[in-house]
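Coordinate inspection notes
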Amino acid sequence: MLIHNFSAGPSILAPSVLDQSAAAIREFAGMGLSILEVSHRSAQFEAVVEETQSLIRELTGLDHSYDVLLLQGGASTQFFQIPHNFLGTMAAYTKTGTWASEAIKEAKGYGEVRVLASSEDRNFSYIPKGYQIPEEADYFHCTSNNTIFGTQMKSFPDCPVPLICDMSSDIFSRSLDFNKFDFIYAGAQKNMGPAGVTAVMLKKSMYERKVKGRHIPTMLDYEVHAKKGSMHNTPPVFAILVSMLNLRWVKENGGVAGMEKRNKEKSELLYNAIDKSSWFKGTAAVEDRSPMNACFVFQDENPDAEKKFENACAEAGISGIKGHRSVGGYRASMYNALPLESVQALVSVIETFA
Ligand SMILES: *Cc1c(COP(=O)(O)O)cnc(C)c1O
């Protein structure tokens, strides 16, 4: 049976990307060896790193004042690596969900964290707006897409200090002025590739902002990773290869503008079905709805209907739509590689309830 993979992450990858990845496990770049057993210093693999970095640059339009790094430890490592490098006195954050809260928690180990705005009062169901970023902050940190609560920042504040953004769950999903940011990071496993690699794009001028007098372990030093071309130690070879193949797929399918169009079509289809239904309702504020993660619940508690809906989903091959425990209900993640047909399958199950 065809499975419709709405998983929040690790997420669906295009079949052609999986086919090429599988082939590379058998044999990579005509070397007679698997990608899993070649030297990361081989010319063939160095070409993979270079192409991955240049695809990231090309898709985001970042200019050469940025370095593109491929690191490990997931986005969660960035939660402490960023303040370790840059939080000397005080940093400003917005608290818009679970991941933003994690980032705040980690930063508190390094200095004062000023939470400028929070949507916790309504279970993170909206994006707070209209806050002022203090000029004395070492940086401002925000989360572009709140994966668990299904909200997305549609615009970004003008920022008098370095603007740092966790784009883990919507990178490469829409056109943005990426050059507005000083530091962007994303764990790969939502829209970029498999788990195991983290993309970091930072302005080279950030190196001058490293906290003076603080010891920075080599593995936490962005400047070292940049100088070594993300090859200071053994990089996650396979995760990088799959990311490269996936980024090629993004490019062949219209780049971020092409992805935005696909994602808009998919998410409008689903949100319209939820809004029309007399059984379901969306949980996120309409203006802040994420095209990536749509959260919805039954309007009234109804265990029988829930069971019926879940069975109907299972029968239709719909997988991964259980909501996160902090929201309940359902969450349909519609990352780049999810085809429109999968959303159509979910919509027809929802419509049988209408
Ligand atoms: C998934 C996710 C994370 C955590 O990523 P890891 O790579 O698992 O550490 C952080 N931020 C956001 C927005 C996420 O969606």
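Thresholds applied
Residues numbered from 1 in each chain as written. Predicted model: local features only at pLDDT ≥ 70, side-chain atom pairs only at ≥ 80, totals over all residues. Heavy atoms only, no water. Axes fitted to C-alpha atoms, helices over the stretch in contact; angles between N-to-C directions. Helix = DSSP H or I, 4+ residues; strand = E, 2+ residues; numbered from the N terminus. Parallel < 35°, antiparallel > 145°, perpendicular 65-115°, else oblique. Left-handed = near helix turned anticlockwise from the far one by under 90°. Contact = heavy atoms within 4.5 Å. Nonpolar A, V, L, I, M, F, W, Y, C, P; charged D, E, K, R; others polar. Near = heavy atom within 4 Å. Polar contact = N/O pair within 3.5 Å; in protein donor to acceptor, adjacent residues only side chain to side chain. Areas by Shrake-Rupley, 256 points an atom, 1.4 Å probe, with all protein chains shown as cover. Domains from an automatic or database assignment. Buried area = accessible area lost by both parts, 1.4 Å probe. Buried < 20%, exposed > 50% of the residue type's maximum accessible area, 1.4 Å probe, protein only. Arc of directions from axis to C-beta.

**Quick look at the packing of helix α2 (residues 43-60) against helix α6 (residues 237-252)**
At their nearest, the axes of α2 and α6 sit 9 Å apart, and the two run at 40° to each other. Between α2 and α6, the interaxial angle falls into the category oblique. Here α2 and α6 pass one another in a crossing that is left-handed. Here α2 contributes F45, V48, V49, E51, T52, L55, I56, E58 and L59 to the contact with α6, which in turn contributes V237, I240, L241, M244, L247, R248, V250 and K251. Taken together, the residues of the contact of α2 with α6 sort by class into 12 nonpolar, one polar and four charged.

**Thoughts on the site of the ligand**
Among the 13 residues in the neighbourhood of the ligand, the closest are listed as S76, T147, D166, Q189 and K190. Between the ligand and T147, the relevant distance is 2.4 Å, taken from an oxygen atom to a side-chain nitrogen or oxygen of the residue. Here the ligand, which alone exposes 390 Å², has 88% of that area covered by the protein. Sorting elements by how many residues they give to the shell around the ligand places helix α3 (residues 74-86) first, with four residues. When its residues are assigned to classes, the shell around the ligand shows three nonpolar, eight polar and two charged.

**Some details on the domain arrangement of the chain**
For the chain, the domain assignment lists domain 1 (15-252) and domain 2 (255-351). Its C-alpha centre places domain 1 at a distance of 27 Å from the equivalent point of domain 2. Every contact between the two is made by 27 residues of domain 1 and, on the other side, 26 residues of domain 2. By the criterion of area lost to domain 2, the three top residues of domain 1 are I148, G150 and W249, representing 23% of everything that side buries.

**A few points about helix α4 (residues 98-107)**
Every buried residue belonging to α4 is among A100, A103, I104 and A107, and all of these are buried. Seen along its axis, α4 keeps its buried residues to an arc of 100°; they face one direction.

**Some thoughts on the environment of Y139**
Locating Y139 in the fold gives a position in the loop between β4 (112-118) and β5 (140-143). Taking the C-alpha atoms as reference points, Y139 and M90, separated by 49 residues in sequence, lie 8.1 Å from one another. Discounting residues that sit within four places of it in the chain, Y139 has contacts with I82, P83, F86, L87, M90, A91, A92, Y93, A107, V161, P162 and I164. Looking at Y139, its side chain comes within polar contact range of the side chain of Y93, at 2.7 Å.

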